[in-house]
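Here is what each chain is made of, one letter per residue.
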Amino acid sequence: MPDRATATAHPNIALVKYWGKRPGPGNIPATPSLSLTLDALTTTTTVEVADADRFVLDGAPVADPKIDAFLQALRSEFDIPPLAATSASNFPAGCGLASSASGFAALVTAMDNALGWGLDRDARSEWARRGSGSAGRSIVGGFGMLSERDGRWVARELLAADAWPLRVVVGITSRKRKAVGSTAGMERSRMTSPFYGAWVRSTEEDFADAERAVLERDFGRLARVAESSCLKMHALMLSSDPALFYWNAATVECLHRIRMLRDAGAEVFFTVDAGPQVKAVCTADHESAVRDALEQVPGVDEVLVSGLGAGASCTVSPAPA
Ligand code: 2P0
């Protein structure tokens, strides 16, 4: 057992969204979801055996109830010594760029290696999902699907990153931490939105439609279903009580510009998560036009461009002497 390991993972963005959990334990999604894993954004996490649990995130010690609950669940199944974990990302956390997805995927992958568990990919995906639903998908690369198979909610890779090398252009419109986190927001939507049942039913259909679009490399079909899933999720959020409203003016303007580009013939569509950032998915031919268009939107601070990346992986380092 090496006692120490470093893992990297990338965030993923959902094209068919997960928003809502089944009641009860285990962090089971109410809907399946389909995502892209991004290669340009990375979280790197080192785990080592220590004298007490310590967690350092982007240079600052943190006490996070989600991480505590995750470690407690793991400790109910594995014998785990006190651990020090140090995690850093090359992108801002807590503002709709899926830092919890890459964070939990890297954490479980580093723990698996540091503690010599030898978990397979399904087991790592299942544990990452228990930490944060979307994290189950960052265990796989390319196009990921998180759905129930044989009674287990795990992600599988529908298509590898290089099989359909789409590009993702991210317009960052604010770096503020979101006011309502995803876990609380999902529960609010489940409890209060009159549209919740329709959302769950229609997401099952969107998931099947998107799977087919990806397998057939049908960009137009994927664009329709992804924008529809995104807008339905935000309609669900807006119809929650109190309303969950994650967009700002620049978010809305980016969506209009992306639709204008598509009307002019570009292969591009948008998606937005629980935050004000806009992700434009496009073919490589249209990447520079999309980047230029988003850079011109007032209120866009920065534009990042990414390809599709691999699943979480580990670099084992020797224990210090
Ligand atoms: C998604 N999001 O499918 C959706 C779309 C945000 C909007 O999954 O409560 O941090 O830890 O399971 O995974 C963000 O929620 O939530 C998310 P928990 P998570 O990517």
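Note that the structure is predicted; figures quoted are calculated from it, not measured.

**Side note on the environment of Pro82**
Logical step 1: Turning to its location among the elements, Pro82 is positioned in the loop between α1 (65-75) and β7 (83-89).
Logical step 2: With 31 residues separating them in the primary sequence, Pro82 and Asn113 have C-alpha atoms 15 Å apart.
Logical step 3: Not counting residues up to four positions away in its chain, the partners in contact with Pro82 are Glu48, Val49, Ala50, Asp51, Ala52, Asp53 and Arg75.

**Here's the deal with the environment of Asn90**
Logical step 1: Summarising the element assignment, Asn90 is placed in the loop between β7 and α2 (99-114).
Logical step 2: The contact partners of Asn90, leaving out residues within four places of it in the chain, are Ala40, Leu41 and Thr42.
Logical step 3: In terms of polar contacts, Asn90 uses its side chain to reach the backbone carbonyl oxygen of Ala40, at 3.0 Å.
Logical step 4: Among the polar contacts listed, one links the side chain of Asn90 to the backbone nitrogen of Thr42, at a separation of 2.8 Å.

**With respect to the site of the ligand**
Logical step 1: If you check the shell around the ligand, you find 18 residues, and the closest are Tyr18, Lys21, Lys66, Gly133 and Thr183.
Logical step 2: In the model, an oxygen atom of the ligand is placed 2.6 Å from a nitrogen or oxygen of the Lys21 side chain.
Logical step 3: A distance of 3.4 Å separates an oxygen atom of the ligand from a polar atom in the side chain of Asn27.
Logical step 4: In isolation the ligand offers 470 Å² of accessible surface; the protein chains occlude 94% of this area.

**Some remarks on the layout of surface pockets**
Logical step 1: There is about 240 Å³ of room inside the second largest pocket.
Logical step 2: Every residue lining the second largest pocket is counted, 15 residues in all, and those nearest its centre are Lys178, Ala179, Phe245, Tyr246 and Pro276.
Logical step 3: Looking at the lining of the second largest pocket residue by residue, the classes come out as eight nonpolar, three polar and four charged.

**A look at helix α5 (residues 182-192)**
Every α-helix winds through 3.6 residues per turn, so residues three or four apart in the chain are directed the same way.
Logical step 1: Those residues of α5 that fall on the buried side of the exposure criterion are Gly185, Met186 and Ser189. What you see down the axis of α5 is that its buried residues fit within an arc of 100°, all on one side.
Logical step 2: Structurally, α5 contributes buried residues whose contacts are with α6 (196-215) and α7 (219-238).

**Points about the nonpolar core**
Logical step 1: Ranked by internal contacts, the top residues of the largest apolar core, which has 32 residues, are Leu34, Phe143 and Leu222.
Logical step 2: When residues of this core are traced back to their parent elements, those giving at least two are β2 (12-16), β3 (33-37), β8 (143-149), β9 (152-159), β10 (167-172), α6 and α7.
Logical step 3: Among the elements that take part in this core, α7 stands out by supplying five residues, more than any other.
Logical step 4: Of the domains in this structure, domain 1 (4-161) and domain 2 (167-306) are the two that each give at least three residues to this core.
Logical step 5: Leaving out residues up to four positions away in the same chain, Phe143 has contacts with Ser35, Leu36, Arg156, Glu157, Leu158, Leu159, Ala160, Trp164, Leu166, Val214 and Leu308.
Logical step 6: Core analysis: the next-biggest nonpolar cluster, separate from the first, contains 31 residues, Val47, Phe55, Phe78 and Ala110 among them.

**Section: the sheet that holds strand β11 (residues 268-272)**
Logical step 1: The strand order β11-β12-β10-β13 describes an open sheet built from four strands, whose pairing is antiparallel. With partners counted over all chains shown, the strands left at the sheet margins are β11 and β13 (302-306), one partner each. Going across the sheet, the axis of each strand differs from the next one's by a mean of 20°, ignoring polarity.
Logical step 2: Pairing between β11 and strand β12 (residues 278-282): five bridges, direction antiparallel. Note that in β12 the partner of Val272 across the bridge is Val278.
Logical step 3: With respect to the sheet, α7 is in contact with β11 and β12, its orientation differing from that of β11 by roughly 25°.
Logical step 4: The strands touched by helix α8 (residues 249-263) within the sheet are β11 and β12, with β11 carrying the most contacts at an inclination of about 160°.

Cut-offs applied
Residues numbered from 1 in each chain as written. Predicted model: local features only at pLDDT ≥ 70, side-chain atom pairs only at ≥ 80, totals over all residues. Heavy atoms only, no water. Helix = DSSP H or I, 4+ residues; strand = E, 2+ residues; numbered from the N terminus. Contact = heavy atoms within 4.5 Å. Polar contact = N/O pair within 3.5 Å; in protein donor to acceptor, adjacent residues only side chain to side chain. Near = heavy atom within 4 Å. Areas by Shrake-Rupley, 256 points an atom, 1.4 Å probe, with all protein chains shown as cover. 1 Å grid on protein atoms, 1.4 Å probe; cavity = no way out; pocket = protein on both sides within 12 Å on 5 of 7 lines; lining within 4 Å. Points joined across faces, edges and corners; volume = space filled by probe spheres on them. Nonpolar A, V, L, I, M, F, W, Y, C, P; charged D, E, K, R; others polar. Buried < 20%, exposed > 50% of the residue type's maximum accessible area, 1.4 Å probe, protein only. Arc of directions from axis to C-beta. Core = buried A, V, L, I, M, F, W, Y, C linked by side-chain atoms within 4.5 Å. Domains from an automatic or database assignment. Pairing = 2+ DSSP bridges. Axes fitted to C-alpha atoms, helices over the stretch in contact; angles between N-to-C directions.

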